[in-house]
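Summary of structural features
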Amino acid sequence: MTSRGFIIALATMTAGLVHTPGCRQDDGVVDAAPAVAEPGSEITDPPRTAEASLAAVIDKSRERYANQDMNGALAALEQADQVAKTENDRARVASFRAVVVARQGELEPAKTMAAGALATLKSGDAPAFAVAQAENAAGSVALMTADFEGALVHWTSALKLDAADDPQSSLRRGRVKFNMATALASLGRPGEAIRVAKEGLEEETSGGAAACPHLAGTRMQLASFHKRQGDLREAERVLREALKSCEGVEDSRIVWAQAQLGLADVLGARKATAEALKRVGQARVVLEALPELRSYVVMARAIEAGILSEAGRDEEAVEVLTKVRKESVGRLPWDGEQSMSMCLQLGLLLKKLERREALENLVRECKTSAAEGGQADGLQDLMDGLLRP
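In what follows, the accompanying structure is described. (Residues numbered from 1 in each chain as written. Predicted model: local features only at pLDDT ≥ 70, side-chain atom pairs only at ≥ 80, totals over all residues. Heavy atoms only, no water.)

Observations regarding the packing of helix H12 (residues 253-269) against helix H14 (residues 294-310)
Under the convention used in this document: Here the axes come from fitting lines to C-alpha atoms, over the contacting stretch only for helices, and the angles between their N-to-C directions go from 0 to 180 degrees. Per the convention used, a helix needs a DSSP run of H or I reaching at least four residues, while a strand needs a run of E reaching at least two, with both numbered from the N terminus. Put simply, angles under 35 degrees are roughly parallel, angles over 145 are roughly antiparallel, angles from 65 to 115 are roughly perpendicular, and the rest are oblique. When the near helix sits turned anticlockwise from the far one by under a right angle, the crossing is termed left-handed; a clockwise turn instead gives a right-handed crossing. The contact criterion used throughout is that any non-hydrogen atoms of two residues lie within 4.5 Å. Amino acids are sorted into nonpolar (Ala, Val, Leu, Ile, Met, Phe, Trp, Tyr, Cys and Pro), charged (Asp, Glu, Lys and Arg) and polar (every other residue, Gly among them).
Between H12 and H14, the shortest axis-to-axis distance is 9 Å and the interhelical angle comes to 15°. Between H12 and H14, the interaxial angle falls into the category roughly parallel. Note on packing geometry: the crossing formed by H12 with H14 is left-handed. Contact residues: H12 offers Gln258, Leu261, Ala264, Asp265, Gly268 and Ala269, while H14 offers Tyr296, Ala300, Ile303, Ile307 and Glu310. Residues that form the contact of H12 with H14 fall into these classes: 7 nonpolar, 2 polar and 2 charged.

Written out as structure tokens, the structure reads:
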């Protein structure tokens with residue numbers, strides 16, 4: 001799996017959309033935040049007053065979204081529409097609906113929805129926190145449409161609107177900065193991404209974030225930026241810290257498995273093949289026990305294939321990717337970045353091994369799947385390029 005693919009996975013799918021059960025802090029308070037920042041949810045509601053019902057239903061939608069239950073998330077938003085009393089309330093619901101719709105691959109409708117909701121909230125008397133939420137949601141939609149510059153503009157606005165005197169401000173700002181770092185890394189600016197990510201880590205720490213899952217997820221993203229810049233030793237150090245932070249923490253299995261995959265990816269790049277494959281295996285034991293994490297299992301196998309290829313075991317890598325693609329047919333929907341990454345990863349291996357017929361078949365199958373998933377444009381040229389000398 002490519003470094004960019006791993007970064008995007010952490011931020012928008014894989015990396016980011018699985019709801020992690022609460023991790024207990026020293027004071028006994030259960031922190032139910034996800035392992036990695038959820039697009040559209042980093043700027044949270046202030047202390048709830050008369051709008052408690054609306055906020056609760058939106059939170060329910062976010063939780064379902066984090067568990068990759070997009071239909072459930074949309075159903076909860078339908079309930080939120082019924083609870084909404086004002087135009088601003090309906091715009092708040094629409095801003096998060098835009099994130100869910102984008103996650104389903106309907107990018108143009110999502111962009112229109114996010115822009116409309118933001119315009120409504122900015123033109124009225126909406127409180128600053130509501131506008132900040134809408135800016136953040138618009139940034140998440142922009143990230144999913146690969147408009148990284150646009151995402152940065154929206155997240156910068158969200159940070160300016162955030163209430164500095166709110167006790168949770170540092171925690172929220174830290175998560176938004178990590179999303180900004182993702183966009184910077186995707187723009188080929190890993191140095192800036194690392195700087196902003198470290199700022200985010202400091203903010204989350206000062207905001208009292210639980211070591212697991214908050215800071216473990218944060219460190220995983222930071223490590224991916226170090227890897228992208230070629231600093232494998234620092235990436236390894238940060239990931240080992242992430243794993244250590246989850247030791248003995250209640251219900252930390254999922255984020256622990258995510259960190260294991262990140263460390264395996266780095267160890268593979270360092271040619272520590274045996275340990276890397278062992279860690280992938282340990283992560284798979286956890287992930288395969290949870291059906292809702294099927295996409296993470298696919299990610300684990302892609303990382304396994306990458307490790308094998310790094311070790312010169314290309315035939316074994318092809319076997320792994322071919323098997324997981326067959327197992328995923330009809331069970332895993334076309335999923336943009338992840339599916340495209342797997343097609344390209346397998347295609348490059350087949351090209352390297354000069355298996356022309358298998359490569360042609362793969363190109364045809366991947367283009368068909370992408371077309372059925374409504375994302376043919378982004379894959380057409382990339383896959384056709386594999387067939388050129």
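Moving on from the model shown.
Some points on helix H4 (residues 87-103)
How we decide: For a helix, the expected span equals 1.5 Å multiplied by the residue count minus one. When a residue's accessible area, from a 1.4 Å probe over protein chains only, is under 20% of the maximum for its type it is buried; when over 50% it is exposed; and in between it is partly exposed.
End to end, H4 covers 25 Å across 17 residues, agreeing with the expected 24 Å (1.5 Å per residue, within 8%). In terms of burial, H4 is largely enclosed, as 15 of its 17 residues are buried. Taken from the residues just after H4, glycine 105 is the one with a positive phi, measuring 95°.

Remarks on the state of the cysteines
Basically, it comes down to this: Criterion for a disulfide: a pair of cysteine sulfur atoms within 2.5 Å.
The full count for this structure, using the stated rule, is 1 disulfide. Put simply, cysteine 343 and cysteine 366 are joined by a disulfide, and their sulfur atoms are 2.1 Å apart. Taking the sign of the S-S torsion, about -95° here, the bridge from cysteine 343 to cysteine 366 comes out left-handed. Residue cysteine 343 is located in helix H16 (residues 336-352), and its partner cysteine 366 is located in helix H17 (residues 356-372); the two are separated by 23 residues in the primary sequence.

Some words on unusual backbone geometry
Excluding glycine, residues mostly carry a negative phi; peptide bonds, for their part, are mostly trans. With a phi angle near 70°, lysine 271 is a residue other than glycine that sits in the positive phi range. Tracing the backbone shows lysine 271 in the loop between H12 and helix H13 (273-287). Positive phi outside glycine occurs at glutamate 354, with the angle close to 60°. Take glutamate 354: it is sitting in the loop between H16 and H17.

Section: the packing of H4 against helix H6 (residues 128-144)
Contact pair H4 / H6: the axes reach a minimum separation of 9 Å and the direction vectors enclose 15°. The angle between H4 and H6 places the two elements in the roughly parallel class. For the element pair H4 and H6, the recorded crossing hand is left-handed. Contacts between H4 and H6 involve Arg92, Ser95, Ala98, Val99, Ala102 and Arg103 on the former and, on the latter, Phe129, Ala130, Gln133, Ala134, Ala137, Ser140, Val141 and Met144.

Digging into the pattern of salt bridges
We count it as follows: Salt bridges, as used here, are contacts in which a Lys or Arg side-chain nitrogen is within 4 Å of a carboxyl oxygen on Asp or Glu.
Taken as a whole and judged by the stated rule, the model has 29 salt bridges. In this structure, the salt-bridge partner of glutamate 78 is arginine 97, at a minimum N-O distance of 3.9 Å. Of this pair, glutamate 78 sits in helix H3 (residues 70-83) while arginine 97 sits in helix H4, and the two are 19 residues apart along the sequence. Of the charged contacts, one joins glutamate 149 and arginine 189 as a salt bridge, the two residues approaching to 3.6 Å between their closest N and O atoms. Of the two residues, glutamate 149 sits in helix H7 (residues 148-161) while arginine 189 sits in the loop between helix H8 (169-186) and helix H9 (190-206), which places them 40 residues apart along the sequence. In this structure arginine 189 comes out as partly exposed when scored by relative accessible area, which is 27%. Residues joined in a network through salt bridges with shared partners are Arg173, Lys177, Arg195, Glu199 and Glu203.

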